[in-house]
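Commentary on secondary and tertiary structure
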Amino acid sequence: MISRLLSARAQQHADATAFRIGADGRSLTWRAAAAHAERWTELARARGIPSRARIGLVLNDPLMFTAAYLGCLAAGLTAAPIDPRLTADELTTALTRLRVDVLATDDVDAAPFRLDLETWYAGSRGPYLVWPARRTARPSASAALRPAVILASSGTTGRPKGIPLSEWQLLHAARRVVRHHRLGPSDRGYTPLPLFHVNAQVMGLLATLVSGSSLVIDGRFDAACYWSRVAEWSPTWLNTVPAILASLVERPAPQAAVADRVRFARSASAPLPPVTARRFTERTGIGVLETYGMSEVAGQVTANPLDPAGRRAGSVGPPVGLGLRVASADGGPAGVGEPGAVLLRGRPVVQHYLELRESGPERVRRARNSAGWLPTGDMGFRDEQGYLYLVGRADDVINRGGEKIYPQEVEDVLLAHPGVGAVAVVAAPHARLGQVPVAYVTSRRGSGDTLADSLHRFCAARLARYKCPAVIEITDVLPTGPTGKVLRRALRAAPAAAGGSR
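Read on for an overview of the structure.

About the cut-offs
Throughout this document, residue positions are counted from 1 along each chain, in the order its sequence is written. Selection of residues for local features in this predicted model requires a pLDDT of at least 70, selection of side-chain atom pairs for listing and counting requires 80 or more, and totals for whole chains, interfaces and linings are taken over all residues. With hydrogens and water excluded, all non-hydrogen atoms of the structure serve as input to the side-chain values. In this analysis, strands are considered paired if DSSP registers two or more bridges between them. Each helix is a run of H or I in the DSSP string that is no shorter than four residues. Each strand is a run of E no shorter than two, and both are numbered from the N terminus. Only the stretch in contact is used when a helix axis is fitted, and all axes are lines through C-alpha atoms; the angle between N-to-C directions ranges over 0 to 180 degrees. Take a side-chain nitrogen of Lys or Arg and a carboxyl oxygen of Asp or Glu: if they are within 4 Å of each other, that pair is a salt bridge. Buried residues are those whose accessible area, probed at 1.4 Å on protein chains only, stays under 20% of the maximum for their type, while exposed residues exceed 50% and partly exposed ones sit between those limits. The contact rule is simple, with two residues in contact once any of their heavy atoms fall within 4.5 Å. Nine residue types can take part in a nonpolar core, namely buried Ala, Val, Leu, Ile, Met, Phe, Trp, Tyr and Cys, and a core is a set of them joined through side-chain atoms within 4.5 Å. Pairs were defined over the aromatic rings of Phe, Tyr and Trp, the Trp ring being its six-membered one, requiring ring centres within 6.5 Å. Orientation was assigned from the angle between planes: stacked under 30 degrees, edge-to-face over 60, tilted for the rest. Sitting over a ring, as applied to charges here, requires NZ of Lys or CZ of Arg to be within 6 Å of the ring centre and within 35 degrees of the ring normal. Working definition: roughly parallel below 35 degrees, roughly antiparallel above 145 degrees, roughly perpendicular at 65 to 115 degrees, and oblique for all remaining angles. Note: crossing handedness is left-handed where the near helix turns anticlockwise from the far helix by less than a right angle, and right-handed where it turns clockwise. Following the grouping adopted for this structure description, the nonpolar residues are Ala, Val, Leu, Ile, Met, Phe, Trp, Tyr, Cys and Pro, the charged ones are Asp, Glu, Lys and Arg, and the polar ones are all others, Gly among them. Whenever a pair of cysteine sulfur atoms sits within 2.5 Å, that pair is classed as a disulfide.

So, on to the sheet that holds strand E13 (residues 264-267). What the eight strands build is an open sheet, ordered E2-E1-E11-E10-E12-E13-E14-E15; its pairing is mixed. Strands at the two margins of the open sheet, each flanked by one partner only, are strand E2 (27-29) and strand E15 (299-303). Neighbour-to-neighbour, the strand axes of the sheet open up by a mean angle of 25°, direction not taken into account. Across four bridges, the pairing between strand E10 (residues 188-191) and strand E11 (residues 214-217) is parallel. If you follow Arg 188 over to E11, its bridge partner there is Ser 214.

Spelled out as structure tokens, the structure:
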């Protein structure tokens, strides 16, 4: 399917630029992308690599990752994208757990030599063999599943697990994105998001392939250069996360002529505080389209309407192309406005996880319950029109003496304070109450040393007493993952002392 799409694009728009690097202008035409895919197929055949053998994609250059990812899928291999920033020890562990047969990299010097692993160099002329494996047995020979892509979960709440996605799931997700966002050949996106995550792969690369549009890519977000890149390449939409939007709020606004060309800024990967969306639009004139996605559905789960009049602040929108249910504590459907567990169902949703272990046979476990629903781990509620509002992760809910506190509600209040840059609220142990909320806050420029006291008063005027943070810690930075999502487990590991707090 992906092979046929690439061939069709190469025939229809051979010399049109499909993908471009924002930082230096290097580009890949549809003809070149299809030629890369042919070389992947040829090398796999020449090396005797069987269908759905696992290819570890460890590439720093976003243009080379793009060519390798599409080429790998078009050749009928299994792509296993891996964070190229990993240390040698971490990379060795990831390659072993994923049972990778071939390492494809653009930095051979950094490849781990301790593994007897066939290695290909993925460069501008396509892949070629660097060294073969000495052993004949392939790590994936006894694989339990043979998907098109294997993604490792983010691990923000625990040990990563393997998420297997079929070619059908990937393209179905990309088509849902294209339809909802009305992407066409005249559109151009801009994404500085990490390409080893599902958002950039499906919303960026595959949606571009499906729509026949084009995409400007950068390897990382650079706030100082962001608007100059937008001005230079004239995208019609922006692929962002809340951390990017919050950072851009603090930067000078783009010129009106630049902003006017942008149809929307799409936000995903983490809940978007309404105050961040409002500040971004007020500063830039660009509307924000908030969405909600998961690797388990190859990306988009819900999305606000493309029409700004239909968007709802604080909501991630109604579901797009799959079943969604909010379940109460007894397992039944939650009422309107009643928080509960968010569940998903439908063909786009994965049915199994892979247990990522370093030894022993590869095992799978069911991802869905007996009724066919996937527990997302997220908590939320729906309004009368079916719009979903997320209130946090199930394991982030704070139980303060029997009172349930959803961190996002407290975080939204704190973010409304003019002195707050970013915030994360987590549970801290308490001798009498069991748990109390603790807030970690970064300050905006110009905030004084009395910010913590000011925030305690701010919360007291806007939150029920039991929801107010027991401790507010002012910190220079919050620990985050590659997409800007706060790593709450790192904060919970060493919470502020709260035993004698308010």
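With that out of the way, let us pick up the pattern of salt bridges. This model, assessed by the stated rule, comprises 18 salt bridges. For Glu 167, the salt bridge is made with Arg 52, and the minimal N-O distance between the two is 3.7 Å. Of this pair, Glu 167 sits in helix H5 (residues 167-181) while Arg 52 sits in the loop between helix H2 (30-46) and strand E3 (54-58), placing them 115 residues apart in sequence. Residue Glu 167 shares its accessibility class with Arg 52, and that shared class is buried. Taking the shortest distance from any N to any O, the salt bridge between Asp 83 and Arg 85 comes out at 2.8 Å.

Moving on to the environment of Asn 60. Within the element layout of this structure, Asn 60 appears in the loop between E3 and helix H3 (62-74). Residue class for Asn 60 comes out partly exposed when judged on its relative accessible area of 45%. Sequence spacing of Asn 60 and Thr 105 is 45 residues, and the spatial spacing of their C-alpha atoms is 8.2 Å. The contacts of Asn 60, once residues within four sequence positions are left out, are Pro 84, Asp 106 and Asp 107.

Grouped together as the largest cluster of nonpolar side chains are 106 residues, with contacts concentrated most on Phe 19, Trp 40, Leu 57, Tyr 69 and Leu 170. Once residues lying within four places of it in the same chain are set aside, the contact partners of Phe 19 are Arg 26, Ser 27, Leu 28, Trp 30, Leu 63, Thr 66, Leu 70, Leu 205, Thr 208, Leu 215 and Ile 217. With 21 residues, the next largest nonpolar core counts Val 275, Ala 439, Cys 459 and Ile 472 among its residues.

All right, on to the packing of aromatic side chains then. All chains considered together, the criterion is met by ten aromatic pairs. Centroid distance Phe 65 to Tyr 69: 5.7 Å. Interplanar angle 15°. Geometry classified as stacked. Linking Phe 65 with Tyr 69, this pair stays in helix H3, spanning four residues, or about one helical turn. Assigned by exposure class, Phe 65 and Tyr 69 land together as buried. Taken together, Tyr 190, Phe 221, Tyr 226, Trp 227 and Phe 280 form an aromatic cluster joined through their ring pairs. The ring of Tyr 387 has Arg 312 lying over it, and the distance from NZ or CZ to the ring centre is 4.0 Å. One Lys or Arg, Arg 462, reaches over the ring of Phe 458 and ends 3.6 Å from the middle of that ring.

Next up on the list: unusual backbone geometry. Its identity as a non-glycine residue notwithstanding, Arg 52 has a phi of 65°, on the positive side. Looking at Arg 52, the relative accessible area reads 16%, which means it is buried. A positive phi is found at Ser 269, a non-glycine position, where the angle reads about 80°. Among the structural elements, Ser 269 can be located in the loop between E13 and helix H10 (274-284). On the accessibility criterion, Ser 269 (24% relative accessible area) is partly exposed.

Another aspect to go through is the packing of helix H1 (residues 2-12) against helix H6 (residues 198-211). Angle between the axes and distance between the axes are the two parameters that describe a pair of packed helices. Direction vectors running N to C along H1 and H6 enclose 55°, while the axes themselves pass 9 Å from each other. As the angle between them shows, H1 and H6 are arranged oblique. For the element pair H1 and H6, the recorded crossing hand is left-handed. Where H1 approaches H6, its residues Ile 2, Leu 5, Leu 6 and Arg 9 are matched on the opposing element by Leu 206, Leu 209, Val 210 and Ser 211. Residues that form the contact of H1 with H6 fall into these classes: six nonpolar, one polar and one charged.

Our focus in this paragraph is the environment of Ala 493. Within the element layout of this structure, Ala 493 appears in helix H13 (residues 488-493). In the structure, Ala 493 is positioned 65 residues away from Ala 428 in sequence and 9.3 Å away in space, judged by C-alpha atoms.

Here strand E9 (residues 162-165) shows no split at all, with Gly 162 and Pro 164 on one side and Ile 163 and Leu 165 on the other all buried. Of the strand pairs in this sheet, strand E8 (residues 149-152) and E9 are connected by four bridges, and their pairing is antiparallel. Considered in E9, the bridge of Leu 151 is made with Ile 163.

The tally for this structure, following the rule as stated, stands at zero disulfides. Of the cysteine sulfurs around Cys 468, a residue in no disulfide, the closest is that of Cys 459, at 5.5 Å.

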